Amino acid sequence: AAAQIIRQSGLSGTVGCVLANTATGEILEAVAPDLPQPPASVAKAFTSLYAIDALGPAHRFETRIFADGPVRDGVLDGNLVLVGGGDPNLVTDHLAELAKRLKDAGLREVKCGFHVWDNALVNLDEIDSAQLDHLGYNPTITGLNLNYNRVHFEWKRADGEYTTAVDARSQNYRPAVTVARVQVVDRTSPVFTYRATEGVDEWTVARRALNNGGSRWLPVRNPALYAGEVFATFARSHGIVLKRPEEVAALPDGQVLATYHSDPLQQMMRGMMRFSTNITAEAAGLSATAALTGQQRGLRTSALGMARWADGRAGIAPYFVDHSGLGDASRVTAADMVRFLTAERVAPTLRPLMKRVDLVDQNR
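Residues numbered from 1 in each chain as written. Predicted model: local features only at pLDDT ≥ 70, side-chain atom pairs only at ≥ 80, totals over all residues. Heavy atoms only, no water.

J.: An account of the pairing of strand β2 (residues 27-31) is needed here, citing residue identities and associated values.
T.: Across four bridges, the pairing between strand β1 (residues 17-20) and β2 is antiparallel. Note that in β2 the partner of Cys-17 across the bridge is Val-31. Hairpin remark: β1 followed by β2, antiparallel, with six residues in the connecting loop; positive phi at Gly-25, about 80°. (Pairing = 2+ DSSP bridges. Helix = DSSP H or I, 4+ residues; strand = E, 2+ residues; numbered from the N terminus.)

Okay, here's the thing in structure tokens:
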């Protein structure tokens, strides 16, 4: 029946599939079960369990505010530092809360600079270099991420001219930012062009591709400076005026003035499985590898470590080039996928993260 369905579907290329009883692991039908195929976002099933295994389901990512000098009567005689802990789901609302906590801690003035630190994870310019520059699902990954490392670009046309705006919007706020600029130009194609200048993402968009009004998300290639600019906006709203953010390479010594904790990892992985957020997968996978090995690893090395872990968990031999499935060089067979999903040491943790899809009848 499976082979007949595949033939009638009109699918091109080579198809492999396995139908199994999840209660017993019994293979009911198989078509090219041992053919290695790109798993795409199905790879996130591996990543979610890999991260929970390494970090624990209750793990929370921390984003902190450090003072590298003494604080007396609300005045910091030193630098204020925004320190990322790899949280991939940090959004503008969370930075607003962090700024409020800084004010509640009693800080009123910073005499020196404002620094940002994003080296909790190896910095990646993008997940897959083969993707187009403007695709928001191929973001930069660092230890300090904001809004899935995307900015909101909006345009409106009036009297034949376009006005544009770039902001860091989330549920309750939409602060304007300067780390990205978009210029509308007269051309037919390409729709977008990108170039990096000193700390600024310079975009152009073809006028003919725009309607009277709309918006889209564009990736941010300087996430730490992006997060720093947004945080400084909220700090200023509480009377704490900060200088322009500067990146620092070394984690500073000093006292922690305020902390924001992410949701528990298990909840985060459930959301990643539902919405297939690539940045969440990569940050979780890189964090898991760092926890297991005691040091940061690059994306390919970390992905290969996840493949070895899968072999130990379920006795299978996948090949991964990332944790999200975006890179098309990863390979998993249908048979190995089923072995993983039904493995005794996998299913109890993984299944609660997955969406239940009930069969209505023999056709649906």
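J.: An account of the packing of aromatic side chains is requested, with residue identities and associated values reported.
T.: Inspection of the entire model under this criterion finds nine aromatic pairs. Their ring planes at 35° and their centres at 6.0 Å tell us that Phe-114 and Phe-231 sit as a pair that is tilted. With Phe-114 in strand β8 (residues 114-117) and Phe-231 in helix α4 (residues 223-237), this residue pair connects regions lying 117 residues apart in the sequence. Accessibility assignment for this pair places Phe-114 and Phe-231 in one class, buried. One aromatic cluster in this structure is built from Phe-46, Tyr-50, Trp-309, Phe-320 and Phe-340. (Phe/Tyr/Trp six-rings, centres within 6.5 Å; stacked < 30°, edge-to-face > 60°. Buried < 20%, exposed > 50% of the residue type's maximum accessible area, 1.4 Å probe, protein only.)

J.: Tell me what's going on with the sheet that holds strand β3 (residues 62-67), and back it up with residues and numbers.
T.: With mixed pairing, the five strands of this open sheet are ordered in space as β15-β8-β6-β3-β16. The open sheet has two edge strands with one neighbour each: β15 (246-247) and β16 (255-261). As paired strands, strand β6 (residues 80-83) and β8 are joined by four bridges and run parallel to one another. Residue pairing across strands places Val-81 opposite His-115, the latter belonging to β8. Sheet strands touched by helix α3 (residues 92-104): β3, β6 and β16. Its angle to β16, the strand with the most contacts, is close to 145°. Against the sheet, α4 makes contact with β3, β6, β8 and β15, and its axis sits at roughly 140° relative to β8, the strand it touches most. (Contact = heavy atoms within 4.5 Å. Axes fitted to C-alpha atoms, helices over the stretch in contact; angles between N-to-C directions.)

J.: Just give me the short version of helix α7 (residues 299-314), but keep the residues and values in it.
T.: Across its 16 residues, α7 extends 22 Å between first and last C-alpha, which sits within 8% of the 22 Å expected from 1.5 Å per residue. Leu-299, Ser-302, Ala-303, Gly-305, Met-306, Ala-307, Trp-309, Ala-310, Arg-313 and Ala-314 are the residues of α7 that are buried. Its buried side turned inward, α7 meets α2 (43-55), α6 (278-293) and α8 (334-342). Just past α7, the residue Gly-315 takes up positive phi, approximately 65°. (Expected span 1.5 Å × (residues − 1).)

J.: Explain the pairing of strand β12 (residues 192-196) to me, and be specific about the residues and the numbers.
T.: Looking at chain direction, β12 and strand β13 (residues 201-206) are connected through five bridges and run antiparallel. Bridge assignment links Ala-196 to a residue of β13, and that residue is Asp-201.

J.: Now, about the nonpolar core: what can you tell me, with residues and values included?
T.: With 48 residues, the main nonpolar core has Ile-65, Leu-80, Leu-82, Leu-102, Tyr-226, Phe-231 and Leu-242 as its most contacted residues. With nine residues, the top contributor of residues to this core is α4. Every residue in contact with Leu-82, bar those within four places of it in the chain, is listed here: Thr-63, Arg-64, Ile-65, Leu-98, Phe-114, His-115, Val-116, Trp-117, Leu-144, Ala-227, Gly-228 and Phe-231. Listed in part, the 31 residues of the second largest apolar core include Leu-49, Ile-52, Ala-54 and Met-272. (Core = buried A, V, L, I, M, F, W, Y, C linked by side-chain atoms within 4.5 Å.)

J.: Can you break down the sheet that holds strand β10 (residues 161-167) residue by residue, with the values?
T.: The strand order across the open sheet built from three strands is β10-β9-β14, with neighbouring strands paired in antiparallel fashion. Strands with a single pairing partner mark the edges of an open sheet, and in this sheet they are β10 and β14 (213-219). Between one strand and the next, the sheet's axes are offset by a mean angle of 20°, whatever the strand orientation. Pairing of strand β9 (residues 150-158) with β10 involves seven bridges; the strand directions are antiparallel. Counted as the bridge partner of Lys-156 is Thr-163 from β10.

J.: Report on the pattern of salt bridges, specifying residues and quantitative values.
T.: One pass over the structure, following the stated rule, counts eleven salt bridges. The residue Glu-202 makes a salt bridge to Arg-181 at a minimum N-O spacing of 2.3 Å. Pair noted here: Glu-202 is in strand β13 and Arg-181 is in strand β11 (residues 180-185), with a separation of 21 residues, a long-range link. What makes Glu-202 buried here is its relative accessible area of 16%. Its salt-bridge partner being Asp-336, residue Arg-339 comes within 2.6 Å of it at the nearest N-O pair. Residue Arg-339 and its partner Asp-336 are both found in helix α8; the two are separated by three residues, about one turn of the helix. Residue Arg-339 is classed as partly exposed on the basis of its relative accessible area of 42%. Among the charged side chains, a salt-bridge network with shared partners connects Glu-154, Asp-167 and Arg-169. (Salt bridge = Lys/Arg side-chain N within 4 Å of Asp/Glu carboxyl O.)

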